[in-house]
Amino acid sequence: MTVSEFARIPMQDDEATTIFEKGAPGRRAFVAPPLDVPQVDGLIPDKFARAAAPRLPEASEPEIVRHYVRLSRRNFDLDSGFYPLGSCTMKHNPRLHERVTALPGHAKLHPFQDPARSQGALELMYNLERALGEVSGLPHVSLQPSAGSHGELAGVLLTRAYHEDRGQHRTTVLTPDTSHGTNPATVTMAGYKVVKVGTNADGGVDVEDLKAKADENVACLMLTNPNTLGVFDPNIEEIASIVHGVGATLYYDGANLNAIMGISRPGDMGFDIVHFNLHKSFTQPHGGGGPGSGPIAVSDRIEPYLPVPVIERVESGNGAGPHFDLIEDDARRPKSIGKLRGFQGNYGCFVRSYAYIRSLGAEGLKDASETAVLNANYLLAKLHQDPEVAQYLPLAFGKLCMHEFVLSGAPMKKELQIKTLDLAKRLLDYGYHPPTVYFPLLVDEALLIEPTETETRETLDGFAEAIVAILKEAKDDPSIAQAAPYSTPVRPARRGRRGEEPGHPSAARLTAVRPGACRSGRRPTTARR
Amino acid sequence: MTLYTAVTDDDRQAMLDAIGVASVDELFETIPAALRMAERLDLPEGMAEQDVYNHLRDLASKNTSAEDEITFLGAGMYDHYIPSIIDMLLGRSEFLTPYTPYQPEISQGGLQVMFEYQTAMSELTGLPVSNASVYEGPSAVGAAGYLAKLTNGRTRFLVSRGMHPHSRATLETLSVGYGTTVEEIPLANGVTDLDALHTMLGDDVAAVFIQQPNFLGAIEDVAAFSDAAHAHGALAIASADPLTLGVLEAPGNQGVDVCVGEGQTLGNRLDFGGPSFGFFCATEAHLRKMPGRIAGETKDVDGRRGFVLTLQTREQHIRREKATSNICTSQALNALAGVVYLSWLGRKGLVELGELMLQRTHYARETLTGIAGVEALHDQPVVREFALRIPGVDVASVVSRCQDAGVNPGFALGRAYDEFSDGLLVAITEQRSKADIDKLAAVLEEAIDAERSGAPAAGVTA
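Remember, it's a predicted structure, so these values are computed and weren't measured experimentally. (Residues numbered from 1 in each chain as written. Chains lettered and ligands numbered in written order. Predicted model: local features only at pLDDT ≥ 70, side-chain atom pairs only at ≥ 80, totals over all residues. Heavy atoms only, no water.)

### With respect to the overall build of chain B
What counts, and what does not: Secondary structure elements are taken from DSSP: a helix is a run of H or I of four residues or more, a strand is a run of E of two residues or more, and numbering for both begins at the N terminus. Here, two residues are considered to be in contact whenever any of their heavy atoms come within 4.5 Å of each other. All accessible-area figures derive from a Shrake-Rupley calculation using a 1.4 Å probe, and residue coverage is judged against the displayed protein chains alone. In summary, the charge assignment counts Lys and Arg as positive and Asp and Glu as negative, without counting His or the chain termini. For charged residues, the charge sits on one atom: NZ in Lys, CZ in Arg, CG in Asp, CD in Glu.
When you go through chain B residue by residue, the secondary structure sums to 13 helices and 17 strands. Along the first, second and third principal axes, the C-alpha set of chain B runs to 85 × 55 × 50 Å. For chain B, long-range pairs separated by at least 24 residues make up 71% of all intrachain contacts whose partners lie at least 6 apart in sequence. Counting every atom, chain B has about 14100 Å² of accessible surface; 48% of that belongs to carbon and sulfur. For chain B, the centre of its 34 positive side-chain charges and the centre of its 62 negative side-chain charges are spaced 4 Å apart.

Here you go:
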């Protein structure tokens, strides 16, 4: 199937033009309030004053609106279709959360407002901390980290503070070879060396390899459980005892928490530090790459080192109910690792996740995880009902999965001449966002599929049918998938002349349009194919 | 209880049959029995949507927001007007709900937004390369420190005491991991003491950090600071308030190597401190050490213009332990607000807004220093914020009295600077009119008098 020569795809027809290339000199949207104080000249000494104003766009409000609405239509999004991107937990984003977050009492609250006049916010944060502590089985929570990788950095810095406080200067952190790239990157930023631990035939940690590598130099083992293969590691208690046996901490990457809420708790498994991705399990919308939020929960022995500020609930003792304080000073938190960012964290994300937790409650969170696992196993079963799918895209590990599963596209590549990337790109023509591809690195031609709990059975059926159709099509003519997609606003990027990655500065431009060079009052142009 | 799932009893049975198991519990059998929770989570029951709304509204009503008082509180985040088109555009599903644009063919909107954002930030800062955002201001300062360490391998950071206290604190926290040390350059009459900087500098200094305008509102001599850093082969790193860069010279035109900062002032809500975004711009020499996503322009196989994430060999998902940063999810939606805001302000509007803040700030400074017992903490030129001293009174208590009268006069500097325990930092935005400033002057004068006379304060009951 190719696009008919008469078909017109409006968004393909309409070549991309940046806001800097639109508009005309003198156009504007903003009107300043009138100057109501006496005008005084020379307030900024000449040597500090801007010589030439930044070349920002000059456009009317309707022009700006149409520009960005048009851009929005060149995005695929979760509200429009199935988004089974493994390890990213693309579950529904309830719009209630946007409504409550926008209430002026939340949205227009200044972060330096006196805590006595921010009691609603501090109460919300305190309650969210308690809820996350309960879900993780670790009692002490800091909401400060801004995303998962920031939570990881907090966790490894906490580990460092813990060991240093004991006079121990450890040098390495263990990470499984299946780990997310942020784990080893974090380890380096925290001043440790990465030592990789192998994976056993069932997709779990190779315990013998762990035993061989666990020694007094090890500060921490960073794990995800269920891991990035969608496998719950049944040896977790033994792993914890090996790690604790050498005095190291056990860190839980919460990327996959969506599989086990209300079912099993990292704290009960022996983890010392956990991070949460509020933008995964707790519905903070992804926003096309953030904002996120990465709170951490820790055990008693790690608590003294938590970043500041911490929130304290103080009972009034006179029947007047509790109040909440922000504790930041060295005297009260002498062992804290300090601040990781400005202010109190991504509060807007806290409001959304707190609303989610209060909507679902204990039963609802458990239902979410159970359904996430049910949906994943159903999709796997549905795919493998077709013997050809089972043959070309086998499950990498195990028989069942948790909330996500990894297929290997290696047989497909060998026998049908289409790679995992080709399958992913062809899915775009069927209206689906592709799964995560080529991760985890351990699996050849990996395809990591996470449907989440908010999808219907019909959606899962439709996705499975699309995969079947693409494989059948590839049997007849692999070139169709190889050149996909056809229906998207743009098609695959060209490589640079010297084979550089697309968009590379030596292949194209630097990271920015040069406004002076590309706009001189000329009208927007529409390049036609 | 509100649920967002869709599995009916019939669905469940059909799905279990397809899987070949008898119950949902069976799917969790790989979890050892001892690790399966016997009890329900100790959390409240779920609620209907309208009840959750009411609960969240009740919590909001316990906060005093910038709509509930006339506020002059700034100190890093500011109560600017946010145009209505930002609410509309950020609420669109197509911007709100996608993941990071890993599939460029269906993410051209988000990728082009990143590219436009980078262009706008390059224009503001006068630096040729920008990434697509980092978390927020202080962690951007920390990220710039890591770039310096990776670039020259040196281990000393010299940081102006005029930098936001949270930026300094964050840099210290991260330095423990980077293996660097942080030393403070003192202030003299409200600005970074360049003489002190010269004596502290040496060839082991990785980077020197300054903030423009600084935490006390004063304009810093960024060019002199850059020259001093470069004389010793150190990187010059500035943190800037982007909304002042219509009237203040671009840090990139004053020799800095890296300019970072807090993006909240560009169309983002206060949100009690986040989410906002941090920006990160640099000279071309530092392109390959930049943290985070970078969008680049390209052509597709049919020759159409398009945008992709580029230079990804810096990033954690490719380079793992050798990455230039561990950042993955950053602040794409907040950066979208930033570029829409800058487009809405436009070329002239940015300058006009800066001029308006400048004039009103000057008026406010003159008016407030006219009050008996109030003096300027420094006499440096300022743009949008200035520092006062009110000797002999408890400034926190004066602030509280003013708030009882409906005016938040600003940030009590004693919260962050022991040496300025009698200091007050007053911020001006386009939302604070002459009438508001006059009201502040009256309320502040009254509060100081009441404090001096020992009149009882109403205060708030927490």
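### Focus: the side chain of B:His80
Residue and element names in this part refer to chain B. The test is simple: Whenever a nitrogen or oxygen atom comes within 3.5 Å of another N or O atom, the pair is scored as a polar contact, on the condition that within protein one atom can donate a hydrogen and the other can accept it, and that pairs from neighbouring residues in sequence are kept only if both atoms are in side chains.
Structurally, His80 can be placed in the loop between strand S1 (70-71) and helix H3 (84-90). Looking at His80, its side chain comes within polar contact range of the side chain of Arg384, at 2.7 Å. Residues within four places of His80 in sequence aside, it is in contact with Leu243, Thr265, Met357, Arg384, Thr429, Glu430 and Gln431.

### Description of the environment of A:Asn93
Within the secondary structure, A:Asn93 is located in the loop between helix H2 (61-72) and helix H3 (96-101). Taking the C-alpha atoms as reference points, A:Asn93 and A:Thr186, separated by 93 residues in sequence, lie 29 Å from one another. Excluding residues within four positions of it along the chain, A:Asn93 makes contact with A:Leu78, A:Thr283, A:Gln284, A:Pro285 and B:Thr97.

### Focus: the UniProt feature "domain: Glycine cleavage system P-protein N-terminal" (unreviewed entry) in chain B
Using the following cut-off: UniProt positions are given in the numbering used here, feature names are shortened, and annotations may be inferred rather than shown by experiment.
If you check UniProt for "domain: Glycine cleavage system P-protein N-terminal" (unreviewed entry), the listed places come out as residues 7-444 of chain B in our numbering. This span, residues 7-444 of chain B, is 37% helix and 16% strand, and a straight line between its end C-alpha atoms measures 61 Å.

### A closer look at the interface of chain A and chain B
Formally: When a carboxyl oxygen of Asp or Glu is within 4 Å of a side-chain nitrogen of Lys or Arg, the pair counts as a salt bridge. Gly is placed with the polar residues, together with every amino acid not listed as nonpolar (Ala, Val, Leu, Ile, Met, Phe, Trp, Tyr, Cys and Pro) or charged (Asp, Glu, Lys and Arg).
Tallying the contact residues gives 210 residues for chain A and 195 residues for chain B. Here B:Lys62 ties to A:Glu123 by a salt bridge, and the two come within 2.7 Å at their closest N and O atoms. Linking chain A with chain B are 93 residue pairs in polar contact (both at pLDDT 80 or more), by the criterion used here. Of the residues forming the side of chain A that touches chain B, the biggest block, 28 residues, is contributed by helix H11 (residues 347-385) of chain A. Within the side of chain A that touches chain B, the residues separate by chemical class into 105 nonpolar, 60 polar and 45 charged.

### Observations concerning the sheet that holds strand S3 (residues 156-160) of chain B
Residue and element names in this part refer to chain B. The cut-off we apply is this: Two strands pair under a simple rule: DSSP has to find at least two bridges between them. Only the stretch in contact is used when fitting a helix axis, every axis being a line fitted to C-alpha atoms; angles between N-to-C directions are given from 0 to 180 degrees.
Spatially, S2-S10-S9-S8-S7-S3-S4 is the arrangement adopted by the seven strands of the open sheet, whose pairing is mixed. Two strands bound the open sheet, and with one partner strand each, they are strand S2 (129-130) and strand S4 (181-185). The pairing of strand S7 (residues 205-212) with strand S8 (residues 235-240) spans six bridges and is parallel. Along S8, the bridge assignment pairs Gln211 with Ser239. Its contacts with the sheet place helix H6 (residues 137-152) against S3, S7, S8, strand S9 (258-262) and strand S10 (278-282), and it is angled at close to 160° to S9. Against the sheet, helix H7 (residues 165-178) contacts S3, S4 and S7, and its axis sits at roughly 175° relative to S3.

### Observations regarding the state of the cysteines
Should the sulfur atoms of two cysteines be covalently bonded, the bond is a disulfide. Residues and elements named next belong to chain B. We apply this condition: The disulfide criterion is simple: two cysteine sulfur atoms within 2.5 Å. Type-normalised accessible area, obtained with a 1.4 Å probe on protein chains alone, sets the label of each residue: buried when under 20%, exposed when over 50%, and partly exposed for intermediate values.
Overall, the coordinates contain zero disulfides over all chains when judged by the stated rule. Free of any disulfide, Cys281 has its nearest neighbouring cysteine sulfur in Cys259, separated by 6.3 Å. Relative accessible area serves as the criterion here: at 0%, Cys281 is assigned to the buried category.

### Digging into the packing of aromatic side chains
Threshold: Between rings of Phe, Tyr and Trp, where Trp is taken as its six-membered ring, a pair exists when centres lie within 6.5 Å; planes separated by under 30 degrees are stacked, by over 60 edge-to-face, and by other angles tilted. Criterion for a charge above a ring: Lys NZ or Arg CZ within 6 Å of the ring centre, and within 35 degrees of the ring normal.
Under the defined criterion, the tally for this structure stands at 24 aromatic pairs over all chains. When the centroid spacing of 6.4 Å and the interplanar angle of 80° are considered together, the rings of A:Phe282 and A:Tyr356 count as edge-to-face. Of this pair, A:Phe282 sits in the loop between strand S6 (273-275) and strand S7 (296-298) while A:Tyr356 is found in helix H11, placing the two residues 74 residues apart along the sequence. By way of ring pairs, the aromatic residues A:Phe112, A:Phe343, B:Phe215, B:Phe411, B:Tyr417 and B:Phe420 are connected into one cluster. The ring of A:Tyr192 is capped by A:Arg160, whose NZ or CZ atom sits 4.5 Å from the centre of that ring.

### Looking at the domain arrangement of chain A
Residue and element names in this part refer to chain A. Here is the rule we go by: The start and end points of each domain follow an automatic or database-based domain assignment. Each of two parts loses accessible area, computed with a 1.4 Å probe, when they are put together; buried area is these two losses added.
What the domain assignment lists for chain A is domain 1 (97-354) and domain 2 (362-482). Between the C-alpha centres of domain 1 and domain 2 there is a distance of 31 Å. Listed as interface residues are 26 residues of domain 1 and, on the opposing side, 20 residues of domain 2. At the boundary of domain 1 with domain 2, total buried surface from both sides reaches about 1600 Å², with 67% on carbon and sulfur atoms. Contact with domain 2 buries area across many residues of domain 1, yet Leu229, Asn258 and Met261 alone supply 31% of it, more than any other trio. One can count zero salt bridges joining domain 1 with domain 2. Remark: the boundary between domain 1 and domain 2 carries seven residue pairs in polar contact (both at pLDDT 80 or more). Residues belonging to the side of domain 1 that touches domain 2 are distributed by class as follows: twelve nonpolar, twelve polar and two charged.

### Some details on the UniProt feature "domain: Aminotransferase class V" (unreviewed entry) in chain A
Sites flagged by UniProt as "domain: Aminotransferase class V" (unreviewed entry) map to residues 169-287 of chain A. Along residues 169-287 of chain A the backbone is 24% helical and 20% strand, and the end-to-end C-alpha distance reaches 40 Å.

### Examining the sheet that holds strand S2 (residues 172-176) of chain A
All names here are of chain A. Taken in spatial order, the seven strands make up an open sheet running S1-S7-S6-S5-S4-S2-S3, and their pairing is mixed. Looking along the sheet, the strands with just one partner apiece sit at the ends: strand S1 (140-142) and strand S3 (193-197). Along the sheet, successive strands turn relative to each other by an average axial angle of 25°, direction set aside. By the bridge criterion, five bridges tie S2 to S3 in an arrangement that is parallel. Following the sheet pairing, Pro176 is matched in S3 by Val197. Of the strands in this sheet, S1, S6 and S7 are in contact with helix H5 (residues 119-136), which crosses S1 at around 125°. Here helix H6 (residues 148-165) sits on the sheet and contacts S2, strand S4 (218-223), strand S5 (249-253), S6 and S7; the angle it forms with S5, its principal contact strand, is near 175°.

### So, the domain arrangement of chain B
Taken as a whole, chain B is organised into domain 1 (9-56), domain 2 (70-79 + 347-453) and domain 3 (85-340). One C-alpha centre belongs to domain 1 of chain B, the other to domain 3 of chain B; they are set 43 Å apart.

### Some points on H6(A)
All names here are of chain A. The condition is simple: By this rule, a helix spans an expected 1.5 Å times one less than how many residues it contains.
Counted at 1.5 Å a residue, the expected span for H6 with its 18 residues is 26 Å, and the 25 Å between its end C-alpha atoms agrees. Of all 18 residues in H6, 16 are buried; the element is thus mostly enclosed. A positive phi of about 75° marks Gly167, the residue just after H6.

### A short note on unusual backbone geometry
Here the amide bond leading from A:Ala484 into A:Pro485 is cis, since omega sits at 0°, within 30 degrees of zero. Of note, A:Pro485 is situated in the loop between helix H16 (478-482) and helix H17 (515-518). Of the consecutive residues B:Gln212 and B:Pro213, the connecting peptide bond is found in the cis state with omega at -20°. With respect to the secondary-structure elements, B:Pro213 resides in the loop between S7 and helix H9 (222-231). Positive phi values are uncommon outside glycine, yet A:Thr452 reaches one of about 70°.

### Some details on the pairing of S9(B)
Residue and element names in this part refer to chain B. Burial runs high along S9: five of the five residues are buried. Alternating positions in S9 separate into two faces, Val258, Val260 and Glu262 on one and Cys259 and Gly261 on the other, with burial throughout. Here S8 pairs with S9 via three bridges, running parallel. Across the sheet, residue Ala238 finds its bridge partner in S9, namely Cys259. One ladder, built from five bridges, connects S9 with S10; its direction is antiparallel. Paired with Val258 across the bridge in S10 is Ala282.

### Focus on the nonpolar core
Inclusion rule: Nonpolar cores are built from buried Ala, Val, Leu, Ile, Met, Phe, Trp, Tyr and Cys residues. Side-chain atoms within 4.5 Å join them into one set.
Core analysis: the biggest nonpolar cluster contains 116 residues, and A:Phe282 and A:Phe405 have the highest contact counts within it. A:Phe282 has contacts with A:Leu132, A:Leu257, A:Met261, A:Phe276, A:Asn277, A:Ser353, A:Tyr356, A:Ile357 and A:Leu365, leaving out every residue within four places of it along the chain. In this structure, B:Leu90, B:Tyr117, B:Ile219 and B:Leu358 belong to the second largest nonpolar core, which totals 69 residues.

### Here's the deal with the environment of A:Thr186
By the secondary structure assignment, A:Thr186 is in helix H7 (residues 182-189). Note: C-alpha distance between A:Thr186 and A:Glu453 (267 residues apart in sequence) is 30 Å. Those residues in contact with A:Thr186 that sit more than four places away from it in its chain are A:Ser149, A:Glu152, A:Leu153, A:Val156 and B:Asn326. In this structure the side chain of A:Thr186 is engaged in a polar contact, spanning 2.8 Å, whose partner is the side chain of B:Asn326.

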